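# Chain and residue survey
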Amino acid sequence: MSKYPFSAIEKKWQAYWEENQSFAVTEDPSVPKEKRIYVLDMFPYPSGSGLHVGHPEGYTATDIYCRYLRMNGYNVLHPMGFDSFGLPAENYAIKTGTHPKITTERNIENFRRQIKSLGFSYDWSREISTHESEYYHWTQWIFLQLYKKGLAYESYTPINWCENCKTGLANEEVKDGKCERCGTPVVRKAIRQWILRITEYAERLLSGLDSLDWPESVKLMQRNWIGRSEGATVRFRIEGMDENLEVFTTRADTLFGATYMVVSPEHPLVEALTTEEQRSAVERYLKETSHKSDLERTDLAKEKTGVFSGSYAINPVNDERIPIWIADYVLISYGTGAIMAVPAHDTRDWEFAKKFNLPIIEVLKSDVDVQEEAWVEDGLHVNSGFIDGLDKHDAIEKMIAFLEERNLGERAINYKLRDWIFSRQRYWGEPIPLLHCETCGTVPVPEDRLPLLLPEVKSYEPSGTGESPLAKIDSWVNTTCPVCGGPARRETNTMPQWAGSCWYHLRYLDPHNTERFTGKEAEEYWMPVDLYVGGAEHAVLHLLYARFWHMVLFDLGLVSTEEPYQRLINQGMITSYAYQRKDKSLVPTDEVTEIAPETWIETATGEPLERVVAKMSKSLKNVINPDDIIHEYGADSMRMYEMFMGPLEVSKPWATAGLVGIYRFLDRIWRLYDEVEIVDEEPNEELLRTLHKTIKKVTEDTRDLAFNTAISQMMVLVNELYKEDVFPRSVAETFVKLLSPYVPHLAEELWEKLGHAPSVSKVQWPVWDEKLTVDTNIEVVFQINGKVRSKTMVRQGASKETLLSLAKDDAKIRSWLEGKTIVKEIVVPDKLVNLVVT
RNA sequence: GCGAGAGUGGUGAAAUUGGCAUACACGCCAGACUUAGGAUCUGGUACCUUACGGUGUAGGGGUUCAAAUCCCCUCUCUCGCACCA
């Protein structure tokens, strides 16, 4: 008895593909536009712990799809590379003194080896790594194009700062008031920053989503993140001052209900608004809020706080004098940093008004007493002068017209999206190619002097004062101004990790170009990316930043498409099992014993445990290492199992027992080809039908990325083949072709065993004959009142009349009909007959 | 709190337009076979019932000849956002 020798087979064919450059691709002009396809995987950050089972999931899916496309005559661009700037390598350098470049490149070696060991059909000649100067040369160059377009600016405004990472963070990198990377609570810190004006693209980033074939959930997340809202700015005169207080509101129609105003503690007018009597109280309040972390400040459960400034504004619609308060529930970063408060119809304002005894005036007809609770539903206007009786829409229109006529305000649109804080005070990133000259101000490094190389440093430790380790290298920092020749200092901030991934899809097109970031012809040949597969964690960050850069490049005439990624799919997470005590705490997998099927106890205490699904984590000891799986069961088993687990988009738990099932399936296939005599006979009718059903199902499901059901159909075919005495050659050959995208090593080996020269990856995908996929005899069910009472075999396509009379003649049906009257007859050909009786 | 998605056997999961619920696989049970292997092959396996039959896709209601699928309500889980005026 033979045993499927996966290890030898996989080594052999990986070497063959490498040697023959089987998957290298060129921009062949004879291939028509619609047969050129760009399939992109999100490239990994090469961490020290190596590939995780989650990575191969998306990579296997795209690999199967690409192999399928090639066999169908497509020219397929399918590259891989590494997102190799980032904090872990730098933190490791701080701990050990090892240069991040050394760690990074060692990790890349390991990642590349692991990825290759899965037999993916990447064009490795296009591999890139973002930390290489040949690559970041062009990241810097693109930054300069943004700078020259006025999209990069310097700012000293307070930003989110992580004490642990010792760097500033973008708003998108803050989750629940904590650093997304390490969980440290984020504090506000005023340091000099480079910021990209992504808000200038807010409208296009929003409207562009409509044209994209992306999951609705991702589009929605981006829409929410951009957060467009339509409303008006309204200017309130401040009593005794020349200044106006400007607010943004989406409900200008409730202006008659504005009983007080609130400015954020950081608002520039706070100082001027504060009267002598209130000064000490205001100062105390400002001090208090400045000590709060973002987390404390945004905690919804907490009581509202605030202080009266002492000043009054004049409500422009009724000249009422209304007090101006200072409170931290108003954010400086949204709108104008000031609001008009309408406590009757806004929960936040209502809470504040109640706490500080401010008047509450109903201006929308409410079903509740607004003194008791806020009414936030719609209602016709009351107590509102010239808009009384109007509904929301008409009232807003009329109010805005009123304001615009008197120059008291105007229609306005606001976005939640903030500009992108682009600098990091760390070492391991692209140096920002700018200089600070005493006479010329900020000067870009001339393009012909790029790349601006990352210098060597003695210590990787960030200063924590807001300066990167680069600031400590005087010889690098001090330079001459390329404009005036005078002394200048280099910018010491580096770019965030997102920079490199903003445009890598363009570098793959022409990775060795030394003259340009990418070749114009190659760009026009391939772009946009037809299918982009990666994790949902990038729904906002990477995918928004990359779209922004791409749009800028499009506006500069440097790329031919406005959007980079036409179609996007998020693969689900691969989770793992974990074992839970009654108190919901989790027990590491190696401290659990399975005492009976589906029954577990904690080994040490005997406490019964429940099996739950959890994320893989080192502490739970439930992390699966792809190297181990490949070693024990082979890459083909690993690939096929990950596809068999369930639909690509949903998260699903890893179960090695399930993997064994796939291994057995591949072993069954191997033995079929190894032990059964392959004959030059035509298959019998039954087998031929299953074969054509299989071709059809595998073709359609592979096209639709529904790999799990394609695999189960292949299993059906194999099960049937095991019942046959002989193995017709035509079936054997067709089946190998169907298998080849899924288990490419095994398929190559079988193809060779069948007497063919390699490689099966280059042969034509099989086609099915629709006639042969239809069963000639079909089981039709007979129902009485919708319940199945009998079944019978009929010829496919039998007429309604035939079916009906068959049903009425059926012995069981006849007994069910006894003493009843048929009131309705429903016949669905090839499916069922339903008789409704009373 | 708001928004989105999901809930089907012991387990992972299937199921065009509403048309036999549970394909395929794991596990389990039985049998066969064996140079005892990670075996392999064949068959069985939703639940209740001796049977006839009944029940069953998170729970409840509705539409329909017919609902996992469509509509309403409730519950649970996952993800995202969270004082954005």
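Residues numbered from 1 in each chain as written. Chains lettered and ligands numbered in written order. Predicted model: local features only at pLDDT ≥ 70, side-chain atom pairs only at ≥ 80, totals over all residues. Heavy atoms only, no water.

### Side note on the sheet that holds strand E3 (residues 152-155)
Overall, antiparallel pairing links the 3 strands, which are arranged E3-E9-E17 in an open sheet. Looking at strand neighbours, the two that pair on one side only are E3 and strand E17 (420-421), the edges of this open sheet. (Pairing = 2+ DSSP bridges. Helix = DSSP H or I, 4+ residues; strand = E, 2+ residues; numbered from the N terminus.)

### Re the environment of Ile-115
By the secondary structure assignment, Ile-115 is in helix H4 (residues 100-116). With 64 residues separating them in the primary sequence, Ile-115 and Leu-51 have C-alpha atoms 7.9 Å apart. In contact with Ile-115, other than residues within four places in its own chain, are Leu-51, Tyr-59, Met-80, Phe-82, Phe-120, Tyr-122 and Trp-124. (Contact = heavy atoms within 4.5 Å.)

### So, H4
Here H4 contains 17 residues, and its C-alpha end-to-end distance of 24 Å stays within 8% of the 24 Å for a straight helix at 1.5 Å per residue. Residues of H4 that are buried make contact with helix H2 (54-71), helix H3 (87-96) and helix H18 (626-633). (Expected span 1.5 Å × (residues − 1).)

### Topic: the sheet that holds strand E22 (residues 531-535)
The strand order across the open sheet formed by 4 strands is E2-E1-E22-E23, and the pairing between neighbours is parallel. Edge positions in the open sheet fall to strand E2 (75-77) and strand E23 (568-571), since each of these has one partner strand only. The sheet shows a mean angle of 20° between the axes of neighbouring strands, direction not considered. Here strand E1 (residues 36-41) runs beside E22; their pairing, made up of 3 bridges, is parallel. Within E22, the residue paired with Asp-41 across the bridge is Val-533. H2 contacts E1, E2, E22 and E23 of the sheet and is inclined by roughly 170° relative to E1. (Axes fitted to C-alpha atoms, helices over the stretch in contact; angles between N-to-C directions.)

### Observations regarding the protein's contact with RNA strand B
What surrounds RNA strand B is a group of 57 residues, the closest being Lys-302, Arg-348, Tyr-633, Arg-668 and Met-715. Among the atoms of RNA strand B lying within 4 Å of the protein, the sugar-phosphate backbone contributes 64%. One of the side-chain nitrogen or oxygen atoms of Arg-668 is found 2.4 Å away from a phosphate oxygen of RNA strand B. Here a phosphate oxygen of RNA strand B and a side-chain polar atom of Lys-824 are 3.3 Å apart. Top element by residues in the surface near RNA strand B is helix H22 (residues 707-721). It accounts for 6 residues. (Near = heavy atom within 4 Å. Polar contact = N/O pair within 3.5 Å; in protein donor to acceptor, adjacent residues only side chain to side chain.)

### Quick word on the packing of aromatic side chains
Within this structure, the stated rule accounts for 46 aromatic pairs. Geometry around Trp-17 places Arg-67 over its ring, the cationic atom sitting 4.8 Å from the centre. (Phe/Tyr/Trp six-rings, centres within 6.5 Å; stacked < 30°, edge-to-face > 60°. Lys NZ or Arg CZ within 6 Å of the ring centre and 35° of its normal.)

### Overview of the domain arrangement of chain A
According to the domain assignment, chain A contains domain 1 (36-130 + 509-571), domain 2 (228-413), domain 3 (574-614), domain 4 (618-771) and domain 5 (775-837). Placing the centre of domain 4 and that of domain 5 at their C-alpha centroids yields a distance of 39 Å. (Domains from an automatic or database assignment.)

### A word on the pattern of salt bridges
Per the stated rule, a full pass over the model turns up 51 salt bridges. We note a salt bridge from Arg-126 to Asp-123, for which the minimum N-O separation is 2.9 Å. Exposure class is identical for Arg-126 and Asp-123. Each is buried. Lys-520 serves as the salt-bridge partner of Glu-524, at 3.5 Å between the closest nitrogen and oxygen. Here Glu-524 pairs with Lys-520, and both are found in helix H16 (residues 520-526), just 4 residues apart, close to one helical turn. Classification of Lys-520 by relative accessible area gives partly exposed; the value is 48%. Among the charged side chains, a salt-bridge network with shared partners connects Asp-210, Glu-216, Lys-219 and Arg-223. (Salt bridge = Lys/Arg side-chain N within 4 Å of Asp/Glu carboxyl O. Buried < 20%, exposed > 50% of the residue type's maximum accessible area, 1.4 Å probe, protein only.)

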